[in-house]
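An overview of the molecular structure
Letter by letter, the chains look like this.
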Amino acid sequence: DFVGSEQGQDIRSQTAARIFSQMPPIGNSRTRNPASLEPLHIQNASDRAMKLLQELRRNMWDYVGVVRTPRGLETAMEELEDIRAEAEHIHATCPTLETAAVRDATCAGCVVASAANANQTSAGAHCIAPDSEVDSDEEEDAVAAAR
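Moving on, we come to the packing of helix α3 (residues 70–93) against helix α4 (residues 97–118). Their axes nearest at 9 Å, the elements α3 and α4 cross at an angle of 155°. Between α3 and α4, the crossing angle belongs to the class labelled roughly antiparallel. In this structure, α3 crosses over α4, and the sense of that crossing is left-handed. Across the interface between the two elements, Pro 70, Leu 73, Glu 74, Met 77, Leu 80, Ile 83, Arg 84, Ala 87, Glu 88, Ile 90 and His 91 of α3 pack against Thr 99, Ala 100, Val 102, Arg 103, Thr 106, Cys 107, Gly 109, Cys 110, Ala 113, Ser 114, Ala 116 and Asn 117 of α4.

Relative to the assigned elements, Ser 46 resides in helix α2 (residues 39–63). Ser 46 sits in the buried class, given a relative accessible area of 8%. When the C-alpha atoms of Ser 46 and His 91 are compared, they prove to be 9.4 Å apart, with 45 residues separating the residues in sequence. A polar atom in the side chain of Ser 46 sits 3.4 Å from the side chain of Glu 98.

Turning next to α3. A rise of 1.5 Å per residue sets the reference length of α3, with its 24 residues, at 34 Å; its end C-alpha atoms lie 35 Å apart and thus fit the reference within 8%. If you check which residues of α3 are buried, you get Gly 72, Leu 73, Ala 76, Leu 80, Ile 83, Arg 84, Ala 87, Glu 88, Ile 90, His 91 and Ala 92.

Below, the discussion takes up the pattern of salt bridges. Counted by the stated rule, this structure contains 5 salt bridges. Here Arg 48 and Glu 86 are joined by a salt bridge, their closest N and O atoms 2.7 Å apart. You can see Arg 48 sitting in helix α2 and its partner Glu 86 sitting in helix α3, a full 38 residues away along the chain. Residues joined in a network through salt bridges with shared partners are Arg 48, Glu 55 and Glu 86.

What counts, and where the lines are drawn
Residues numbered from 1 in each chain as written. Predicted model: local features only at pLDDT ≥ 70, side-chain atom pairs only at ≥ 80, totals over all residues. Heavy atoms only, no water. Axes fitted to C-alpha atoms, helices over the stretch in contact; angles between N-to-C directions. Helix = DSSP H or I, 4+ residues; strand = E, 2+ residues; numbered from the N terminus. Parallel < 35°, antiparallel > 145°, perpendicular 65-115°, else oblique. Left-handed = near helix turned anticlockwise from the far one by under 90°. Contact = heavy atoms within 4.5 Å. Buried < 20%, exposed > 50% of the residue type's maximum accessible area, 1.4 Å probe, protein only. Polar contact = N/O pair within 3.5 Å; in protein donor to acceptor, adjacent residues only side chain to side chain. Expected span 1.5 Å × (residues − 1). Salt bridge = Lys/Arg side-chain N within 4 Å of Asp/Glu carboxyl O.

See below:
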């Protein structure tokens, strides 16, 4: 089992350290008291957080799903980093349950994608397919059908 192996544990520790080192400290000077926020501001932040969560789910399904490719995992990690940065900014500006949820889910997605990229062994239900074996037209058709 890769996750339980020494290499898997090392990758998990390194990835968690990288992600948590980039997160702003709790209670930093940019964080405002939620009670002082305008209701419209809170609603806009919550709506944006829900849209980011949809993007996160779609990204994980499209690129970190059952059949994975190295190129797809690289794309996932790039997109997840963008989503993570925005989610952290929204949560720092307007700390609500929704903004915290998308921030935390994005951190989890980053760890899963990074671990999947580091583990080049196909096991269980997941498999790594070389980029050349997955026809981009077939992949796009499958993704479109899933949506």
